[in-house]
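Residue-level structural notes
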Amino acid sequence: MVKMKVIIGFILVFAAGAAQTQEILTLDRAIEIGLSNNYGINIAKNSQQIAGNNATPGNAGMLPKVDVNAGYGYGISNAHVTSISGVELKNPKAESTLGVAGVNLNWTLFDGLKMFITYDKLKKLEEIGDLNVKISVENTLARIMAAYYDIIRQQKQTAIMKDQVAISQFRLELAKLRFETGSGSELEFLKAKVELNADISGLSSQNTVSVNSLATLNELLARDVTSKFEVRDTIIFHYRLNYDSLRMGMKEANRNLLLYNRNMEMSQLGVKSARAVQWPVIGMTAGVNYSNAQSEASITNYNQNFGAVIGVTAYMNIFNGLNLQREYRNAKISYASSELEVKQLENQLDAYLLKIYNEYLNQMEMVTFEQENVALAGKNMDIAKESFEVGSISSLQLREIQKNLLSADTRLVEAEFRTKLTETALLLLSGKLIK
């Protein structure tokens, strides 16, 4: 018996002692850490930053291109030149030099508005990058919240198991007393001891599950998985969520639906771009060039030029195997498919929202129902303990009532946890999990 008390005390003191030296990690603080450290979010942010850097008029081809060039050359040749006038030049070691420099501008003035379409595409890609960041944030936030509430669930379950051990300890002490005084059987005493051992084993396993749930949250927060902390043991629910409000929010703010809409808009721009390439391309060129040539291998041994040039270019594809028409038709088909994908997702989200909302309502009712059951089971347990002390009920009856209390407590904890998960899922679906 002494050994049994030592084991129980070790389990309880270990759990309590570890908690005394640990910080309390609030949900807000966990979210703050997670959103700051999470690898997936930071990767998505980097991709979004690249998309933002690319969304410029210059990258879309709307700005002129200016090039500067310069060069210098030196050569020796065996020259033999005869001009029409009969002048002859022979120089076996004729030296020559050439220096050039220039500034040239090329600017596309009209390309069927393709450059403007390209710029719109780049802006859409920037928006898509921003949505991907928000989707990553939402999903990470939902996982952090689920892991945080799971810790609360496991802590509550641990407390339930501790109460079960205390009840079994009470039962064992009475069974031992009755056996020693001759008013009870050894069988009842041994059975009480075996069942206490089972409860202690269950508590030990539950402690392991509870500790592992801390590691899960630490992993999501992208920090040392051995970091010690405590969480508050209360799950707070929102006021009953309204289905119509959630559905309206989903239509307007669901990030995945917004992403599909942006992809559809990209496909629409693809149709415009495929049409634009069928128009002529008109451009302007301008430049200032300088050249200086000196040569002993030529009758004209010095030639220098400096001046400006400006011109207009035009290009239009007349026929390329009907590929432009094919690309245009394919772009229209892709756009039609993207429209169908948006409608398909809307339908899927509608069905998912309705299912989750029905489950949410059911879980809310279960919480109320199980709270009443726990109160009744607890009161029944108090009466049973008093009855067992005076011998009005058997050890077997007490154990059965004890099991009923355990079952009621566990169902309540599960109902609270599932209610919070469905609530989080509804807020995620409606785009209200983050602002």
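Here's a quick rundown of the structure. (Residues numbered from 1 in each chain as written. Predicted model: local features only at pLDDT ≥ 70, side-chain atom pairs only at ≥ 80, totals over all residues. Heavy atoms only, no water.)

**So, the overall build of the protein chain**
Helices and strands together make up the secondary structure of the protein chain, namely nine helices and six strands. Against the compact-globule benchmark of 22 Å for 435 residues, the protein chain has a radius of gyration of 40 Å, which places it well outside the compact range. Considering only C-alpha atoms, the protein chain reaches an extent of 145 × 55 × 35 Å along its principal axes. Considering only residue pairs separated by 6 or more positions, the protein chain has 82% of its internal contacts joining residues 24 or more positions apart. (Helix = DSSP H or I, 4+ residues; strand = E, 2+ residues; numbered from the N terminus. Rg over C-alpha atoms; globule rule 2.2 N^0.38 Å. Contact = heavy atoms within 4.5 Å.)

**Re the packing of aromatic side chains**
Considering all chains together, one arrives at seven aromatic pairs under this definition. Centre to centre, the rings of Phe110 and Trp279 are 6.2 Å apart; their planes meet at 85°, and the pair counts as edge-to-face. Here Trp279 lies in the loop between α7 (255-276) and β5 (281-295) and Phe110 lies in strand β3 (residues 88-110), a separation of 169 residues in the sequence. Judged by relative accessible area, which is 29%, Phe110 ranks as partly exposed. (Phe/Tyr/Trp six-rings, centres within 6.5 Å; stacked < 30°, edge-to-face > 60°. Buried < 20%, exposed > 50% of the residue type's maximum accessible area, 1.4 Å probe, protein only.)

**Things to note about the side chain of Gln363**
Summarising the element assignment, Gln363 is placed in helix α8 (residues 323-389). In this structure Gln363 comes out as buried when scored by relative accessible area, which is 10%. Discounting residues that sit within four places of it in the chain, Gln363 has contacts with Ala415, Arg418 and Thr419.

**Regarding the side chain of Gln154**
Looking at the secondary structure, you find Gln154 in helix α4 (residues 114-181). Sequence-distant contacts of Gln154, defined by excluding residues within four places in its chain, comprise Gln206, Val209, Ser210 and Ser213.

**Looking at the pattern of salt bridges**
On inspection of all chains with the given rule, the structure shows 20 salt bridges. Residue Arg247 pairs with Asp350 through a salt bridge whose shortest N-O separation is 3.0 Å. Placement of the pair is Arg247 in helix α6 (residues 243-253) and Asp350 in helix α8, with a sequence separation of 103 residues. Arg247 sits in the partly exposed class, given a relative accessible area of 32%. Residue class for Asp350 comes out buried when judged on its relative accessible area of 18%. Through salt bridges with shared partners, one network takes in Arg171, Lys191, Glu195, Asp199 and Arg399. (Salt bridge = Lys/Arg side-chain N within 4 Å of Asp/Glu carboxyl O.)

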